[in-house]
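A closer look at the structure
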Amino acid sequence: PITKAGKYDDELLETATNMTKPGKGILAMDESNATCGSRLEGVGVENNEENRRRYRELLITTPNLGEHIGGAILFEETLYQSCADGTTFVDALKAQGIYPGIKVDKGLKPLANTNESWCQGLDGLADRAAEYYKQGARFCKWRSVVSIPDGPSRVAVTDCAYGLARYAAICQNAGLVPIVEPEILLDGDHDIDTTFEVASWVWAETFKYLADNNVSFERMLLKPSMVGPGADCPKRSTPEEVADYTLRMLKSRVPPATAGIMFLSGGLSELDSTLYLNAMNQSPNPWHVSFSYARALQNTVLKTWAGDDEKKDEAQAILARRTQENGLAQLGKFVA
Ligand code: 13P
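Below is a summary of the structure that appears in this document. (Residues numbered from 1 in each chain as written. Predicted model: local features only at pLDDT ≥ 70, side-chain atom pairs only at ≥ 80, totals over all residues. Heavy atoms only, no water.)

Within the secondary structure, Cys140 sits in strand β6 (residues 139-146). Look at Cys140 and you get buried, because its relative accessible area is 0%. Note: C-alpha distance between Cys140 and Gly175 (35 residues apart in sequence) is 9.8 Å. Ignoring sequence-local partners within four residues, the contact set of Cys140 consists of Ile102, Val104, Tyr167, Cys171, Leu176, Val177, Pro178 and Ile179. (Helix = DSSP H or I, 4+ residues; strand = E, 2+ residues; numbered from the N terminus. Buried < 20%, exposed > 50% of the residue type's maximum accessible area, 1.4 Å probe, protein only. Contact = heavy atoms within 4.5 Å.)

In structure tokens form, the structure reads like this:
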């Protein structure tokens, strides 16, 4: 069978469909305690559980956030936290019409005998996924990375693709819509053609293993990097060029059944991430091509708040504007 009927099939389809309504994307706010901490410390806020909770409460209680956000990806700690008034974060999100999601991978580790990394977290995943579903999560994320300057080696690409596919199969069986994220890092001075070549290899492997594992494409979301030049490449690309390369890659590698293509921002500037997405949505394509940004949604929000609750309204207004701009870009209607 192409897909195996499971007890969560209808719910998975409903979740994936609702998360990919026109004009909607995903708010990635699943930074690990270490990453969230270094961003907080970057604006002078101490990295402790209460400050991480305060910052995340600001994000998810932004008025009307659900207009352009269909899902919010949380770190495990955040899935179990509550607002100051006692409302759980899960309920606060649901009240906004936003699906709570959970990062389920256990992070990157050095890949022996290479300078690259691999993503761990498959051991015990079925049990953890069942717990997260009970807690209210309805989708999940697994991020594996491929580095161009440090490789990529065959073993790294195979491990990335195989791990993503095993994870996606396990989580669909537990009622969580998997976000499959094979991130090709922006770091390096390689040109856009090199990125294209590597992406075409990584995406081909990823979809091969997804198919081998009977993952239902209608019930998963792909979270890729856009196909552009490395961050230090002297030859910069226009939004149209990035859109052209990325769409060519999508068309040659990604089944139209895939529920959504939710790009990561990967260190792009806030404006570029929106312009590139908008350029991709200038012509019709068979997918829901949208965003699942962390930094490109949060950077200015965090700087504005910087731990001061007097600035909360201002910071929330910035998040609302960033989600609206990217919602317009999803429709191809953003004007800078
Ligand atoms: P960025 O948009 O900051 O790249 O983060 C997206 C994400 O969730 C990476 O896993």
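In total, this model carries seven aromatic pairs according to the counting rule given. Considering the side-chain rings of Trp142 and Tyr167, the 5.3 Å spacing of their centres and the 25° angle between planes classify their relative orientation as stacked. Residue Trp142 is located in strand β6, and its partner Tyr167 is located in helix α7 (residues 154-173); the two are separated by 25 residues in the primary sequence. The exposure classification of Trp142 matches that of Tyr167, with both residues buried. Arranged with centres 5.7 Å apart and planes meeting at 40°, the rings of Phe291 and Tyr293 form a pair that is tilted. Between the NZ or CZ atom of Lys208 and the centre of the ring of Tyr209, over which it lies, the distance is 5.0 Å. (Phe/Tyr/Trp six-rings, centres within 6.5 Å; stacked < 30°, edge-to-face > 60°. Lys NZ or Arg CZ within 6 Å of the ring centre and 35° of its normal.)

Turning next to the sheet that holds strand β10 (residues 289-293). Hydrogen bonds between backbone groups are what pair the strands of a sheet, and the pairing can be parallel or antiparallel. Here eight strands make up a closed barrel; going around it, the order is β1-β2-β3-β6-β7-β8-β9-β10 and the pairing parallel. One ladder, built from two bridges, connects strand β8 (residues 221-222) with strand β9 (residues 260-263); its direction is parallel. For Leu221, the partnering residue across the bridge sits in β9 and is Gly260. In the packing of helix α8 (residues 192-212) onto the sheet, contacts are made with β6, β7 (177-184) and β8, and the angle to β7 comes to roughly 155°. (Pairing = 2+ DSSP bridges. Axes fitted to C-alpha atoms, helices over the stretch in contact; angles between N-to-C directions.)

If you look at the biggest cluster of nonpolar residues, it comprises 105 residues, and the most contacted ones within it are Val104, Tyr167, Leu210 and Leu250. The element that contributes the greatest number of residues to this core is α7, accounting for ten residues. Setting aside residues up to four positions removed in sequence, Val104 forms contacts with Leu125, Arg128, Tyr132, Cys140, Lys141, Trp142, Tyr167 and Cys171. (Core = buried A, V, L, I, M, F, W, Y, C linked by side-chain atoms within 4.5 Å.)

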